[in-house]
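For reference, the chains in residue letters:
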Amino acid sequence: MKYRAVWRLTAGSALFLDRDGVLNRCVEAGYVGTRDDFEFLPGVLEALKTAAGLFRHIFVVTNQPAVGKGLMTAEALEALHVWMCDEIQRAGGRIDRVYSCPEPKEAHSFDRKPAVGMGLRAQKAFPSVVFAESFMVGDTRTDMAFGHRLGMHTVLIGHQAAALAPPCLVERRYDRLADFINVMATI
């Protein structure tokens, strides 16, 4: 596989993370809607502590259609994200902002990945973000397309990641977020 550039971290480097499947376990049939449903994946909290020292900004960008489908409220989603960020901070990491798109796929929202709305909102709020120097880490084809459309480095996470996205969208693959962050810590 060809890498488009040597990876390096700069003052404009931001880390964009998908939530379900990257930070926490996915729920088999349904959505992660409560603290009881939310389980951090192994090594995530330690990886985010390391990432906090590497990246100027860290964002979560997540499609959350359960809200648009009426399966949970926007307030419940916000409370879950506040709790998640608090847990990450207690472990020594940080999330600068969580961006979520509550609309289902059928709504064709500009914020729903693979559309780039959440990324542009992050750059507007944090003007130091340079997409070409930033990284999108996700576990789906839509995550990779989102990062690719914004010109970010793309990292696919998961044991079965090879089948999920075409090589043209993916720069590198790792089994876990912690594996990627460990590589970045050596740069």
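Peer 1: I keep staring at the pairing of strand β4 (residues 135-138) and nothing clicks. Help me out?
Peer 2: In summary, the side chains of a regular strand alternate between the two faces of the sheet. The alternating pattern of β4 places Phe135 and Val137 and Met136 and Gly138 on opposite faces, both of which are buried. When strand β1 (residues 14-17) meets β4, the two strands line up parallel, connected through 3 bridges. The residue of β4 that forms the bridge with Leu17 is Val137. Bridging between β4 and strand β5 (residues 153-157) involves 4 bridges; their strand directions are parallel. Bridging across to β5, Phe135 finds its partner in His153. Chirality of the crossover, the property in question, places the unit of β4, helix α5 (residues 141-149) and β5 among those that are right-handed.

Peer 1: What am I meant to see in the side chain of Lys113 here?
Peer 2: Mapped onto the elements, Lys113 comes out in the loop between β3 (97-101) and α4 (117-125). Only 2.8 Å separates the side chain of Lys113 from the backbone oxygen of Val61, close enough to count as a polar contact. Those residues in contact with Lys113 that lie beyond four places of it in its chain are Asp18, Val61, Thr62, Asn63, Met118, Met136, Thr142, Asp143 and Phe146.

Peer 1: Would you take a moment to explain the nonpolar core for this structure?
Peer 2: Across soluble globular proteins, you tend to see nonpolar side chains buried next to one another. In this structure, Leu15, Leu17, Leu177 and Phe180 are the most contacted members of the largest nonpolar core, which totals 32 residues. Secondary structure elements with two or more residues in this core: β1, α1 (44-54), β2 (57-63), α3 (74-90), β4, β5 and α6 (177-184). Ranked by size, the runner-up nonpolar core spans 16 residues in total, among them Met118, Phe126, Phe131 and Met152.

Peer 1: Which parts of the structure should I look at to understand the side chain of Asn24?
Peer 2: Structurally, the position occupied by Asn24 is in the loop between β1 and α1. The residues touching Asn24, leaving out its near neighbours within four places in the chain, are Arg19, Val32, Phe38, Glu39, Phe40 and Leu41.

What counts, and where the lines are drawn
Residues numbered from 1 in each chain as written. Predicted model: local features only at pLDDT ≥ 70, side-chain atom pairs only at ≥ 80, totals over all residues. Heavy atoms only, no water. Buried < 20%, exposed > 50% of the residue type's maximum accessible area, 1.4 Å probe, protein only. Helix = DSSP H or I, 4+ residues; strand = E, 2+ residues; numbered from the N terminus. Pairing = 2+ DSSP bridges. Right-handed = clockwise from strand over helix to strand, strands pointing away. Polar contact = N/O pair within 3.5 Å; in protein donor to acceptor, adjacent residues only side chain to side chain. Contact = heavy atoms within 4.5 Å. Core = buried A, V, L, I, M, F, W, Y, C linked by side-chain atoms within 4.5 Å.

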